[in-house]
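Read off the chains here:
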Amino acid sequence: MSERWDPLEPSIAPEFFVSVEIYLSTAAASALPKPIPRSKRREKFEISASAQPEERKVKEKSSWLALSKGLPEGPWRPATCKLSGEGERCLLNIYLDKNRLYQTVYVHLLNQTDLRQADVSLFDKKDCLSIYCIGGQRWTSTHTAEPIYLHFSSNETCNTWLVLLRSYAVPEIYGRLPFPNDGGSYRMWRQLELTVVQGRGLGIVKLSENRLSGDVGESDDFTVSCHVLLNSILCGRTSEKKAMGSPDWLENFTFSDLPPFDSLVLLIRRDKKMTKTTTLGSVLIPLVHFRRGEVVEGWFPILHSGSTASDFQVGELRLKILVNEEIILPQTAYASLLQTLSSRNFLDLIDDFENKLKMKNISPCLMSLAIDQNVVVSHVQEFAAREVNAASPAQNTLFRGNTTLSRIMELCMNWYGKAFLEASVGGVIRKLCREKIAIEVDPARRSKGSKDIERNFELLTTWCQEFLDQIYAVRTECPQELRCLFETLRILVERRFRSELSKESHKNMQYRCVTAFCFLRFIVPAILNPHLFGFHLGIPPPQVHRSLTLIAKVLQSLANLNTATTANFKEEYMRGMAGFISDRTPAMIDYILVVSTANKDQHNHQVTNNKREHREIETYLHRRSSTMRVLDKEAVPRLPDLLDIPRHLAVITSAVIRNSAEFQTRSQPYDPADQKLDEICSKCLDVEEQALLRVSQLSTKISSSRQLTSPLGSNNYGSPRMRPSTAPSPVNINSPFGRPFYNPSSCMITHNSDPPYSQHTRVHLKSTSTDSIPSYGLSSQPIDADPTSRRARELFNLKAILRR
């Protein structure tokens, strides 16, 4: 942090510094000029001055291979970033070796979508920031066109600098001139959720549905991985799997804050020992035409570009895809809806949305609203009190089911406890995977005799002890929010089942209610599935995964605190760990008491000892936001949780509109308990109408001379009207009508500009498999005379147009 800048003095231009690691590819590192030490410079000058003319011969320049030998190991280099702002201008200088300028990025010329967090799979590193910029947006000493990847020391630092840089970048706002009061009419937000599930037939040429040809390569002799490209930029990659059979990946990717959609490409890379890595084929999915807000899962064909005129299929890839594209209005447009949502416990809202509207994946948005209002802990405590009071004394069922409370507790632990989980098991898991530890204590799986089983039991005990030691050592680092929730659960159970706790069968019940969340739904799942928590790239190898499974069994049995230790395990071969569990039970009880006791001094200690750099940046951002227009200010996420309340409200509105048609046309007698849910649906429809009005007004003002004939004719929309558009197409950014439009009546996609994929770009044909991905057309809906359902259906169809 600059010592010259005073956050209370607005006349001084701010300067901020941070130490990072920067990724340098082989080409970028080789192009770096090699610095000459001062002593050698002086020696070189003296020799050249005293040398005879015939001795001054021109030496051959060293090749890039020779230059690369002098580089430090690994592609990551230490660097220093300096951000300096003056008015609306902002420069980010990146220095290597403390004082050697490597690049200068003109942040004020970037779009906010050019600044995104890099997926963990790219470098197997968390807290990485990617900066995508072209030639006119930066200066570089090596003339590289590669993206900039910066690795920060902590998640808090990464988030702080992401928000700082985005405060200077240009948000994707439309209608600035026609709507000067809000700084624009609306802004856009896009996100892609991708799951690479499985592959099949990789390397097997499929010419038609019933014709097979030879292999492109020996499928049992090479490994494959998938590289994910968004708009021709590498954004993620899967782990390597053997191509034999049907490799399972089950790897999830979430790419948020994306630019206008173009295409999603998955390159299937083939790697074989002693040979060069090649591309087996690719899956091409045009996202411009893709459904919004609905999960699409199916088999996608992998096409290989051969020497012939057409491509041929070399396998299939099972994908699960969710594409979201939202129109975000100023927050004032959601004021009435937000007031209605805030009047109820957000867990009750989740119950209604999931059970009555059949909405999925809406919990994170509602929880974000609760976090912004600082009511998460109080609402969960209230809901937990109701569930405990209604619970039966059966100890084996308390908090063990998949209820709303258990799901929200999982969200809370993942939200507040990321750093705590990393400190508890992250390092030990990586160490075990790195050393490829193989443990097996089941005699049926290992036939090397009893001595080998004994050695494996000793190895299992050693690693269980290492996990337990690390978990116990960081028990005091449990976040205050989780401590309050765990304490509430423990006290509620103690009060509700006070008379039952004296029984031997219910002993330690107040502690088991804590481990039902802390271990069963947090620590143990991270050990079983480290790839889902960012501790390992992809599913670990089978032998390593088996070791993690055995360790998880022991730790969960220890957390259950059963008095009959020999009955802790269902498997007979695990009974040998009963002594280990019995000896460590007192330490487990102490751990539970610590993490379930609120520390009133912890929060104050964290506030007073917060890093000075982060406080100064937050102070500067607060001052800077006061001078921004409404949409520009709301487009910058709020620290420390990167909350974007209008975006969450826009997602909730779209989901309610998409799922409320059946609820509003219900034929059963009216339930007074549904009144508040009806009110939420009505206000979501009002917000949707306002979004349609703003988009239509913008379309009219921008293109008053251009008339677009609506293909909807005189159907449910009434009289023909001009088509609204949301954002420019990637093909023609300057055109306000470059987006594709969807015709619900004919399920045909039309453009008012050239299609984004010309004859030089191959678009995938539908797979010949019977279970391949279905077409993207919207299914026609029966006409209902009910005005409420018709209004919801009309707005839903119009929303489909707005998203396309």
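Asks: Whenever I open this one, the overall build of the protein confuses me. Can you help?
Replies: When you go through the protein residue by residue, the secondary structure sums to 23 helices and 22 strands. Within the protein, the fraction of its 804 residues that count as buried is 51%. When contacts within the protein are restricted to residue pairs at least 6 apart in sequence, those whose partners lie at least 24 apart make up 71%.

Asks: For this particular structure, what's the right way to read unusual backbone geometry?
Replies: Phi is mostly negative for residues that are not glycine, and the peptide bonds are mostly trans. For the bond from Leu639 to Pro640, the omega torsion is 5°, close enough to zero to count as cis. Relative to the helices and strands, Pro640 is located in the loop between helix H19 (630-634) and helix H20 (645-659). One non-glycine residue, Asn361, lies in the positive phi region at around 60°.

Asks: Got a minute to help me understand the sheet that holds strand E6 (residues 128-131) in this structure?
Replies: For sheets, the rule is that strands pair by backbone hydrogen bonds, running either parallel or antiparallel. What the 8 strands build is an open sheet, ordered E5-E6-E8-E1-E2-E3-E4-E7; its pairing is antiparallel. Strands at the two margins of the open sheet, each flanked by one partner only, are strand E5 (115-117) and strand E7 (138-140). Ignoring strand direction, the axes of neighbouring strands in this sheet form an average angle of 30°. Pairing geometry for strand E4 (residues 100-106) and E7, over 3 bridges, is antiparallel. Counted as the bridge partner of Gln103 is Thr140 from E7.

Asks: What exactly am I supposed to notice about the environment of Thr279 here?
Replies: Here Thr279 shows up in strand E18 (residues 278-286). Using a relative accessible area of 31% as the deciding quantity, one classes Thr279 as partly exposed. The spacing of Thr279 and Ile268 is 11 residues in sequence and 5.9 Å in space, taken between C-alpha atoms. At 2.6 Å, the side chain of Thr279 forms a polar contact with the side chain of Arg269.

Asks: What exactly am I supposed to notice about helix H18 (residues 612-625) here?
Replies: The periodicity of an α-helix, 3.6 residues per turn, causes residues three or four places apart in sequence to face the same way. Compared with the 20 Å implied by 1.5 Å per residue over 14 residues, the 20 Å span of H18 between its first and last C-alpha is a close match. By the burial criterion, the buried members of H18 are His614, Glu616, Ile617, Tyr620, Leu621, Arg624 and Ser625. Projected onto a plane normal to the axis of H18, the buried residues spread over an arc of 165° and lie on a single side. Among the structural elements, strand E1 (15-23), helix H5 (155-166) and H19 are those in contact with the buried residues of H18.

Asks: Can you help me understand the nonpolar core in this one?
Replies: One broad trend across soluble globular proteins is that nonpolar side chains are buried collectively. In terms of nonpolar packing, the biggest core is built from 122 residues, with Phe353, Val380, Val425, Leu460, Phe467, Phe486 and Ile523 touching the most fellow members. Sort the elements by how many residues they give to this core and helix H14 (residues 509-528) lands first, with 13 residues. Look past the residues within four positions of Ile523 in its chain and what remains in contact with it is Leu421, Val425, Ile471, Cys518 and Tyr591. Counting 41 residues, the second-largest nonpolar core is a separate cluster that includes Val205, Val296, Phe312 and Val323.

Asks: Even after reading the chapter, I still don't get the packing of helix H15 (residues 542-560) against helix H16 (residues 578-595), so can you show me in this structure?
Replies: In a packed pair of helices, the relevant descriptors are the angle between the two axes and the axis-to-axis distance. At a minimum axis distance of 9 Å, the contact between H15 and H16 shows a crossing angle of 60°. One way to sum up the angle between H15 and H16 is to call them oblique. H16 is crossed by H15, and the crossing has right-handed handedness. Only Phe580, Ile581, Arg584, Thr585 and Met588 of H16 make contact with H15, whose side of the interface consists of Val554, Ser557, Leu558 and Ala559. The residue inventory of the contact of H15 with H16, partitioned by class, reads 6 nonpolar, 2 polar and 1 charged.

Asks: Sorry if this is basic, but what is going on with the packing of aromatic side chains here?
Replies: For any pair of aromatic rings, the description consists of the separation of the ring centres together with the inter-plane angle of the planes. This structure, assessed with the given rule, holds 10 aromatic pairs. Plain terms: the ring middles of Phe519 and Tyr591 are 5.8 Å apart, the flat faces sit at 70° to each other, and that makes the pair edge-to-face. Of this pair, Phe519 sits in helix H14 while Tyr591 sits in helix H16, and the two are 72 residues apart along the sequence. Comparing Phe519 with Tyr591, the two get one shared label, buried. Connected via pairs of aromatic rings, a cluster forms that spans Tyr23, Trp76, Phe123 and Tyr149. Arg200 extends its terminal NZ or CZ atom over the ring of Trp299, reaching a point 3.8 Å from the ring centre.

Asks: It is not clear to me how the pattern of salt bridges should be interpreted in this structure. Could you clarify?
Replies: Proximity of charged atoms lets side chains of opposite charge pair with each other. Counted according to the given criterion, the structure contains 36 salt bridges. Ionic pairing is found between Asp632 and Arg176, a salt bridge with its closest N-O pair at 3.0 Å. Placement of the pair is Asp632 in helix H19 and Arg176 in the loop between strand E9 (173-174) and strand E10 (186-200), with a sequence separation of 456 residues. Taking relative accessible area as the criterion, Asp632 reaches 15% and is therefore assigned buried. We classify Arg176 as partly exposed; its relative accessible area is 23%. Of the charged contacts, one joins Arg430 and Glu422 as a salt bridge, the two residues approaching to 2.7 Å between their closest N and O atoms. What makes Arg430 partly exposed here is its relative accessible area of 27%.

Asks: Quick question: what am I supposed to make of the pairing of E4 here?
Replies: Both faces of the sheet carry side chains from a regular strand, because those side chains alternate between them. For E4, the buried fraction is high: 5 of the 7 residues fall into the buried class. Pairing of strand E3 (residues 89-96) with E4, which is carried by 6 bridges, proceeds in the antiparallel orientation. Its bridge partner lying in E4, Leu96 is registered against Arg100. Hairpin connection between E3 and E4: a loop of 3 residues separates the two successive antiparallel strands, and Asp97 in this loop has a positive phi of roughly 55°.

Asks: I tried to follow the side chain of Arg166 on my own but got confused; where do I start?
Replies: Tracing the chain through its elements places Arg166 in helix H5. On the basis of relative accessible area, Arg166 is assigned to the buried category, the value being 5%. Apart from residues lying up to four places away in sequence, Arg166 is in contact with Gln112, Leu115, Arg116, Asp257, Val636 and Pro637.

Asks: Could you clarify how one ought to interpret the pairing of strand E16 (residues 248-256) in this entry?
Replies: Burial of the side chains of E16 is restricted to one face: Trp249, Glu251, Phe253 and Phe255 are buried, whereas none of Asp248, Leu250, Asn252, Thr254 and Ser256 on the reverse face is. As judged from the 7 bridges shared by E10 and E16, these two strands associate in the antiparallel manner. Looking across to E16, one finds that Val196 is bridged to Glu251.

About the cut-offs
Residues numbered from 1 in each chain as written. Predicted model: local features only at pLDDT ≥ 70, side-chain atom pairs only at ≥ 80, totals over all residues. Heavy atoms only, no water. Helix = DSSP H or I, 4+ residues; strand = E, 2+ residues; numbered from the N terminus. Buried < 20%, exposed > 50% of the residue type's maximum accessible area, 1.4 Å probe, protein only. Contact = heavy atoms within 4.5 Å. Pairing = 2+ DSSP bridges. Axes fitted to C-alpha atoms, helices over the stretch in contact; angles between N-to-C directions. Polar contact = N/O pair within 3.5 Å; in protein donor to acceptor, adjacent residues only side chain to side chain. Expected span 1.5 Å × (residues − 1). Arc of directions from axis to C-beta. Core = buried A, V, L, I, M, F, W, Y, C linked by side-chain atoms within 4.5 Å. Parallel < 35°, antiparallel > 145°, perpendicular 65-115°, else oblique. Left-handed = near helix turned anticlockwise from the far one by under 90°. Nonpolar A, V, L, I, M, F, W, Y, C, P; charged D, E, K, R; others polar. Phe/Tyr/Trp six-rings, centres within 6.5 Å; stacked < 30°, edge-to-face > 60°. Lys NZ or Arg CZ within 6 Å of the ring centre and 35° of its normal. Salt bridge = Lys/Arg side-chain N within 4 Å of Asp/Glu carboxyl O.

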